[in-house]
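What follows is the residue order along each chain.
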Amino acid sequence: RWQWNDNDLQDDYNSNNYYECYCGGRRGEEDNNHSSIIIVIIITNQQKQQQQENEKLAFQYYGNKDYEKALALFTELHNNQPTYHYYTYCLYCLTALNRFTEAEKLVRSKIKEEPGSFRYQVDLGYIYLQTEKPEKATKIFDDVISDMKPNRANISEIANAFMSRQLYEYTI
C-alpha cells in the first residue's frame, strides 16, 4: 500500500506489507526461495560434472578397446542425453562386441524416432554387411540413394553416413 508521508512510509517499510509489495513475499520466504535455487544449481553442476567424468571414462575404455565398459557408460550417457554422438559410440561398441541384434534394435529405434534421417538407414545397411547379409545391405543403400531428395543437406548427410562407415563406393 502506498503511504504519502515519510513516517508512514517508514512504518510501512518496517512492516510485512513493504516486504510483500516490493520483495514478492513475507519476510523469511526469500531465504527459502534462494536456498532452493542454490540447491538446484549445485545439483545441476554436480550432474554435469558426473556426466563429463563418465564421458571421459567411456572414451578411455573405448580407446583401450574395453567395449563392454565403454558401452555401459555410453548407454547411460545416451539415455540421459540422446545425442547422435552418444548413439554412434553405442553402435560402435555393440558392433565391436558382435552384438548385432542389439545394434539393429538401437538403429531401428532411431529410424522410428527420426524417420526422415537417412544416416540411420545407412547404419542398418552397415549392420547387415557385418552380419553377412550383403543383399539386404545393398537394397537399403540403393533405396537411400533413390529416395534422397536432391538438396545439399540430404546429399551431405548421406555422403557423410557412407564415409563414416567406409562405404566409399556409395558416396556421391
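Here the structure is a predicted model, which is why all the values come from computation and not from measurement.

(A) Highlighting the side chain of Lys110. Note that Lys110 resides in helix H6 (residues 100–113). When near neighbours in sequence (up to four residues on either side) are disregarded, Lys110 contacts His78, Pro82, Tyr87 and Tyr120.

(B) View of the nonpolar core. Phe74, Leu91, Val107, Val122, Phe141 and Phe162 are the most contacted members of the largest nonpolar core, which has 35 residues in total. Within the residue set of this core, elements represented by two or more residues are helix H4 (67–80), helix H5 (84–96), H6, helix H7 (119–130), helix H8 (134–147) and helix H9 (152–164). A per-element tally of this core places H5 first, with seven residues. Here Phe74 is in contact with Ala58, Phe59, Tyr62, Tyr86, Tyr89, Cys90 and Cys93, once residues within four sequence places are set aside.

(C) Structural context of the pattern of salt bridges. Under the defined criterion, the tally for this structure stands at eight salt bridges. Between Arg108 and Glu104 there is a salt bridge, and its shortest N-O distance comes to 3.0 Å. Taken as a pair, Arg108 and Glu104 lie in helix H6 at a separation of four residues, close to a single helical turn. Salt-bridge contacts for Asp123 lead to Arg165; the nearest nitrogen and oxygen are separated by 2.8 Å. Within this pair, whereas Asp123 is found in helix H7, its partner Arg165 is found in the segment after H9, the two being separated by 42 residues in sequence. Assessed through its relative accessible area of 5%, Arg165 is described here as buried.

(D) View of the packing of H6 against H7. Direction vectors running N to C along H6 and H7 enclose 165°, while the axes themselves pass 9 Å from each other. Of the possible angle classes, the one that applies to H6 and H7 is roughly antiparallel. For the crossing formed where H6 meets H7, the hand is left-handed. For the pair formed by H6 and H7, the contact residues are Phe100, Ala103, Glu104, Val107, Arg108, Lys110 and Ile111 on the first element and Tyr120, Gln121, Asp123, Leu124, Ile127, Tyr128 and Gln130 on the second. For the contact of H6 with H7, the residue count by class is eight nonpolar, two polar and four charged.

(E) Quick look at the packing of aromatic side chains. The tally for this structure, following the rule as stated, stands at 13 aromatic pairs. Judged by centre distance (5.1 Å) and plane angle (85°), the ring pair of Tyr87 and Tyr120 falls under edge-to-face. Remark: Tyr120 occurs in helix H7 and Tyr87 occurs in helix H5; sequence separation between them is 33 residues. Considering the side-chain rings of Phe141 and Phe162, the 5.2 Å spacing of their centres and the 80° angle between planes classify their relative orientation as edge-to-face. Pair noted here: Phe141 is in helix H8 and Phe162 is in helix H9, with a separation of 21 residues, a long-range link. For the pair formed by Phe141 and Phe162, the shared burial category is buried. A connected cluster of aromatic rings, assembled from ring pairs, spans Phe59, Tyr62, Tyr67, Phe74, Tyr89 and Tyr92.

(F) Region of the structure containing the side chain of Thr95. Here Thr95 lies in helix H5. Ignoring sequence-local partners within four residues, the contact set of Thr95 consists of Phe100 and Ala103.

(G) A look at H5. Given a rise of 1.5 Å per residue, 13 residues ought to cover 18 Å, and the 18 Å separating the end C-alpha atoms of H5 matches this to within 8%. If you check which residues of H5 are buried, you get Tyr86, Tyr87, Thr88, Tyr89, Cys90, Leu91, Cys93, Leu94 and Thr95. Immediately beyond the C-terminal end of H5, within one or two residues, lies Asn98, with a positive phi of roughly 60°.

(H) Looking closely at the environment of Glu114. With respect to the helices and strands, Glu114 occurs in the loop between H6 and H7. Only 3.3 Å separates the side chain of Glu114 from the side chain of Tyr120, close enough to count as a polar contact.

Conventions and cut-offs
Residues numbered from 1 in each chain as written. Predicted model: local features only at pLDDT ≥ 70, side-chain atom pairs only at ≥ 80, totals over all residues. Heavy atoms only, no water. Helix = DSSP H or I, 4+ residues; strand = E, 2+ residues; numbered from the N terminus. Contact = heavy atoms within 4.5 Å. Core = buried A, V, L, I, M, F, W, Y, C linked by side-chain atoms within 4.5 Å. Buried < 20%, exposed > 50% of the residue type's maximum accessible area, 1.4 Å probe, protein only. Salt bridge = Lys/Arg side-chain N within 4 Å of Asp/Glu carboxyl O. Axes fitted to C-alpha atoms, helices over the stretch in contact; angles between N-to-C directions. Parallel < 35°, antiparallel > 145°, perpendicular 65-115°, else oblique. Left-handed = near helix turned anticlockwise from the far one by under 90°. Nonpolar A, V, L, I, M, F, W, Y, C, P; charged D, E, K, R; others polar. Phe/Tyr/Trp six-rings, centres within 6.5 Å; stacked < 30°, edge-to-face > 60°. Expected span 1.5 Å × (residues − 1). Polar contact = N/O pair within 3.5 Å; in protein donor to acceptor, adjacent residues only side chain to side chain.

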